[in-house]
Amino acid sequence: MIISFSVKNYKSICERATLNWEANLKDCTFATNIAKEFVADEENEIGCLTTLGIWGANASGKSNMIQAIADFHTLIINSNHYDIGDQISEYKPFRLSEENKTSPIEFEIEFILKKVRYQYSIEFQQDRILKEMLYKYGKRGKTYLFKRENPTDANVAVKRNQALLRGRISIVSCLKNQLFLSCAANSSAGIGCIVDIYQYFNERGIFDSAKLKHEIERYYDNPFYFHRLEAFITSIDIGVTKVEMQEDKISSKKIPVFYHSNSSELFKLNEESEGTQCVYKLIPFYLQILEKGYWYFIDEIESHLHPAVVALLIRLFHDPEVNKKGAQLLFTTHALSLLDNETMRRDQICFTQKNSAGKTELYALDEFKVRKEVDFFRWYQDGRFDALPDLQYDE
């Protein structure tokens, strides 16, 4: 599970900003919103939030937080394919400052994998990786697995911890524009934990439903999964009382048909509302994420869906009987109804706003030290948390 993600000098995020999934276990509010992970080397239990939401005005930088994680993910998975002289396409610095235009971007992530806590960080410019470090935590703090600094055009120097990195780690090399993690995982060196970490990012990180297209199709073909889909659709008050797969008379293919109220009239998917079509296509995707324990990052989660349906999706992540493998959801939204102190903990709510220099500021609601019974929705509307659009109608 992800513990935290930090970014600096990426698009509008000039100063270091951190999304924190680590929960305060002393706060028992909505304890089911937390998935607990035992870290063996530290003999410690860490609580990770299963959902995290970001609210803020348009163009305040909400989307950039998700895009930063997406670009970090892409760089990890694909950087081993870069050739000599290729530019790093994920280099998108803050451009409203002359100094920052050429300064490094910094990404850092902490996560738990197979009961071990890791910290992985990189710094890079347009043409090179400047720093790359992978640490694991233990009782005495953190120990490096490898460290790399490459500020010049000289050979890439990577300091490897031979005692912890088993396998033929010494044979792995990389170009100045490639990540050592990516190259090592795709080499023949056979370094178990490096391969595990690479596969963790490759398999767990979901930014687009297309990645799960083939897995999702079984929800329509398998009666067990289709029943779960039907149960969700008929429970959200969109007028649908039953869903069946029937053979289309023209194409002879199986297609979904929908019943409404007590009528025997059948409706095809393309005859349903845009919202119903969206729900039918999206729900198998979310159920797959929950079943596999993936982490999913989505911008404007309420697009095409009523906030009440979105609230129900969020509750699925909070339900340990449904979310048995610790799936995590990060979303941005304008839906104020989701600012609900009956569903969300204070540490699950984040805000973004831009200052006068055009820099995104990210902060969490629990930084305000508000009581948990406070009406988050009302306080946000009253401007007590900032992050509201500055609307000047008279001008």
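Look a little higher up for the structure.
Please read these numbers as outputs of a predicted model, since none were measured by experiment.

Caption draft 1: Here's a closer look at the pairing of strand 7 (residues 116–124). Taken across its nine residues, strand 7 has nine buried, putting it largely inside the fold. Covered by surrounding structure in strand 7 are Val116, Tyr118, Tyr120, Ile122 and Phe124 together with Arg117, Gln119, Ser121 and Glu123, the residues of both alternating faces. Here strand 6 (residues 105–113) pairs with strand 7 via nine bridges, running antiparallel. In the strand pairing of strand 7, Ile109 is matched with Tyr120. Linking strand 6 back to strand 7 in an antiparallel pair, the connection comprises two residues, with Lys114 at a positive phi of about 55°. With seven bridges connecting them, strand 7 and strand 8 (residues 129–138) associate as antiparallel partners.

Caption draft 2: Representation of the packing of aromatic side chains in the model. Summed over the entire model, instances satisfying the criterion amount to 26 aromatic pairs. Pairing Phe107 with Phe124 gives two aromatic rings, centres 5.7 Å apart and planes at 50°, and the pair type is tilted. Taken together, the positions of Phe107 in strand 6 and Phe124 in strand 7 put the pair 17 residues apart, joining distant regions of the chain. Note on Trp295 and Phe297: the rings are 5.2 Å apart at their centroids and 40° apart in plane angle, and the pair reads as tilted. Site record: aromatic cluster; members linked through ring pairs are Trp21, Phe111, Tyr118, Tyr200, Phe201, Phe207, Trp295 and Phe297.

Caption draft 3: Here's a closer look at the packing of helix 4 (residues 213–221) against helix 5 (residues 223–233). Close contact between helix 4 and helix 5 brings their axes to 5 Å; oriented N to C, the two are set at 85°. Between helix 4 and helix 5, the angle falls in the class roughly perpendicular. The residues of helix 5 that touch helix 4, namely those facing Arg218, Tyr219, Tyr220 and Asp221, are Pro223, Tyr225, Phe226, Arg228 and Leu229. Looking at the contact of helix 4 with helix 5, its residues break down into six nonpolar, no polar and three charged.

Rules and cut-offs
- Residues numbered from 1 in each chain as written.
- Predicted model: local features only at pLDDT ≥ 70, side-chain atom pairs only at ≥ 80, totals over all residues.
- Heavy atoms only, no water.
- Buried < 20%, exposed > 50% of the residue type's maximum accessible area, 1.4 Å probe, protein only.
- Helix = DSSP H or I, 4+ residues; strand = E, 2+ residues; numbered from the N terminus.
- Pairing = 2+ DSSP bridges.
- Phe/Tyr/Trp six-rings, centres within 6.5 Å; stacked < 30°, edge-to-face > 60°.
- Axes fitted to C-alpha atoms, helices over the stretch in contact; angles between N-to-C directions.
- Parallel < 35°, antiparallel > 145°, perpendicular 65-115°, else oblique.
- Contact = heavy atoms within 4.5 Å.
- Nonpolar A, V, L, I, M, F, W, Y, C, P; charged D, E, K, R; others polar.

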